Protein chains: 2
Amino acid sequence: MTVTDSEPVPEQQDASRLRVVLGMVGDKWSLLVVCNLKEGPRRFSELKRTVDGISQRMLTVTVRNLERDGILTRTIHNVMPPHVSYALTPMGSTLCEATLPLLEWSAEHLALIDDARAEYDTRADTPPAGSVGNQLEI
Amino acid sequence: MTVTDSEPVPEQQDASRLRVVLGMVGDKWSLLVVCNLKEGPRRFSELKRTVDGISQRMLTVTVRNLERDGILTRTIHNVMPPHVSYALTPMGSTLCEATLPLLEWSAEHLALIDDARAEYDTRADTPPAGSVGNQLEI
DNA sequence: CGGTATCCAACTGGATACTG
DNA sequence: CAGTATCCAGTTGGATACCG
C-alpha cells in the first residue's frame, strides 16, 4: 500500500545498486583492506603494515564499516598481549570475486588510460588558433 | 636501470590497480553516467535528466574526467540550438562490462547487507552486562 | 596491541548566477 | 543548450595524543 506507482525501470535499479556498492567500497580504503584479507585472516597491525599509507584511524573506521556490512568478521583473541583478527565472511569472498573483472580491466587498460590522459592534456595545453580542440561534427 | 630492486609483489600490483580504478570511477557519479551511456549516446541535458540528482556542475566535471581518461567521447554538433553528445569509447564499453559482476553481486546481496547492518546496529544499541558484543575466542 | 578522541586541512559536491 | 564561475556546507581523512 505504501507503494506509490509502477515498479522502477531497470536503469534505476542499476543506479540504486551502484549507489549501494559505491557506498560500501567506493571509498579510498575498503577494497584495499578486503583484498588484503583474500589470502586469509590478518591482525590489525598486519593490515596497518600491509595496506600502504593507511592511518590507524582510517583502518579502524574502514574495518568497522565492513564488519557492519557483513563483509568481514572481527575476532578478539584474549591472550597476552591481546590481539584482534579480521577475516572475510563468505559474502566478503564473493564480493572480492566480483571485483576481479574490474581488477583485470585495470591491469589491461592502465597504459591506455595514461595515454588518453597525456593526449587530452596535450590538447588542453595548446589550444591555438587553427587547432582542433574538440571533435566537431556538423 | 632506474629500477631499484625486486619487482612489486602481486598484492601491491592489485593495490596500485585498485587505486587507479577507484580514482576514475570510485566517486559519486562516474559509474552512473557510464551506465547511462550503455544503451547509446546521450546529450548533456538527457544525462542531466536521467542521472537522478546530479547537478549541472558535477555532470560537467564528471564527463570531463571520463573524457580525459578515454572512457567517453564528447562531440559538439554545430546546429541551432547547439548541442553536445557523449558516447562510450570501446574502452568505456569494456569498463562497463567489467562492472557487471559487481552489479549482479549487489543485486544478490542487497537484502543480506541490510540484514547485516540491522543486526550490527541492534548489537551496538544494546551492550548490556551479560551480552556478547563481539565474537570472542581464547 | 588495538583502539578512541580531538583537531584541523583538503577535497567533494550542491546552489546560484552568469555566458557564448 | 551547455556550459563556467563563485561561494559555501558537509564530509573525508591525516596527525597527534591518550586509554584499557
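Residues numbered from 1 in each chain as written. Chains lettered and ligands numbered in written order. Predicted model: local features only at pLDDT ≥ 70, side-chain atom pairs only at ≥ 80, totals over all residues. Heavy atoms only, no water.

Going by the annotation in an unreviewed UniProt entry, the name recorded for chain A is Helix-turn-helix transcriptional regulator, with Actinacidiphila oryziradicis given as the source organism.

1. Side note on the protein's contact with DNA strand C
Rules: Any residue with a heavy atom lying within 4 Å of a molecule or strand is counted as near it. Under the rule applied, a polar contact is a pair of N or O atoms within 3.5 Å (in protein, one hydrogen donor and one hydrogen acceptor; residues adjacent in sequence only if both atoms are side-chain atoms). Elements are defined by DSSP. Helices are runs of H or I of four residues or more, strands are runs of E of two residues or more, and each kind is numbered from the N terminus. Residue polarity is assigned by list, with Asp, Glu, Lys and Arg as charged and Ala, Val, Leu, Ile, Met, Phe, Trp, Tyr, Cys and Pro as nonpolar; anything else, Gly included, falls into the polar class.
Not every one of the 17 residues close to DNA strand C is listed here, only the nearest: Ser45, Gln56, Arg74 and Tyr86 of chain A together with Arg57 of chain B. Within 4 Å of the protein, the contacting atoms of DNA strand C are 60% sugar and phosphate, with bases supplying the remainder. In the environment of DNA strand C, a phosphate oxygen lies 2.5 Å from a nitrogen or oxygen atom belonging to the side chain of Tyr86 of chain A. Elements with a minimum of two residues in the surface near DNA strand C: helix 3 (44–50), helix 4 (56–68) and strand 3 (83–88) of chain A together with helix 4 (56–68) of chain B. The leading source of residues in the surface near DNA strand C is helix 4 of chain A, at four residues. Split into classes, the residues belonging to the surface near DNA strand C amount to six nonpolar, five polar and six charged.

2. Concerning helix 4 of chain A
Selection rule: A helix is expected to span 1.5 Å for every residue after the first. Partly exposed residues are those whose accessible area sits between 20% and 50% of the maximum for their type, while under 20% is buried and over 50% is exposed, using a 1.4 Å probe and protein chains only. Arc, as used here, means the arc of the directions from the helix axis to the C-beta atoms. We call two residues contacting when some pair of their heavy atoms lies within 4.5 Å.
With 13 residues, helix 4 of chain A should cover 18 Å at 1.5 Å per step; its first-to-last C-alpha distance of 18 Å lies within 8% of that length. Taken residue by residue, helix 4 of chain A has Leu59, Thr62, Val63, Leu66 and Glu67 of chain A as its buried positions. Seen along its axis, helix 4 of chain A keeps its buried residues to an arc of 130°; they face one direction. Buried residues in helix 4 of chain A make contact with helix 2 (30–36), helix 3, strand 2 (72–77) and strand 3 of chain A together with helix 5 (90–125) of chain B.

3. Points about the side chain of Thr89 of chain B
Residues and elements named next belong to chain B. On the secondary structure map, Thr89 appears in the loop between strand 3 (83–88) and helix 5. Engagement of the side chain of Thr89 in a polar contact is seen with the backbone oxygen of Gly70, the distance being 2.6 Å. With residues near it in sequence (within four places) discarded, Thr89 still touches Gly70, Ile71, Leu72 and Thr73.

4. Here's the deal with the protein's contact with DNA strand D
Near DNA strand D lie 17 residues; those nearest to it are Arg57 of chain A together with Ser45, Gln56, Arg74 and Tyr86 of chain B. In DNA strand D, atoms within 4 Å of the protein come from the sugar-phosphate backbone in 60% of cases. A distance of 2.6 Å is found between a base nitrogen of DNA strand D and a side-chain nitrogen or oxygen belonging to Gln56 of chain B. A distance of 3.2 Å is found between a phosphate oxygen of DNA strand D and a backbone nitrogen or oxygen belonging to Val84 of chain B. Taken together, the elements giving at least two residues each to the surface near DNA strand D come down to helix 4 of chain A together with helix 3 (44–50), helix 4 and strand 3 of chain B. Its residues assigned to classes, the surface near DNA strand D shows six nonpolar, five polar and six charged.

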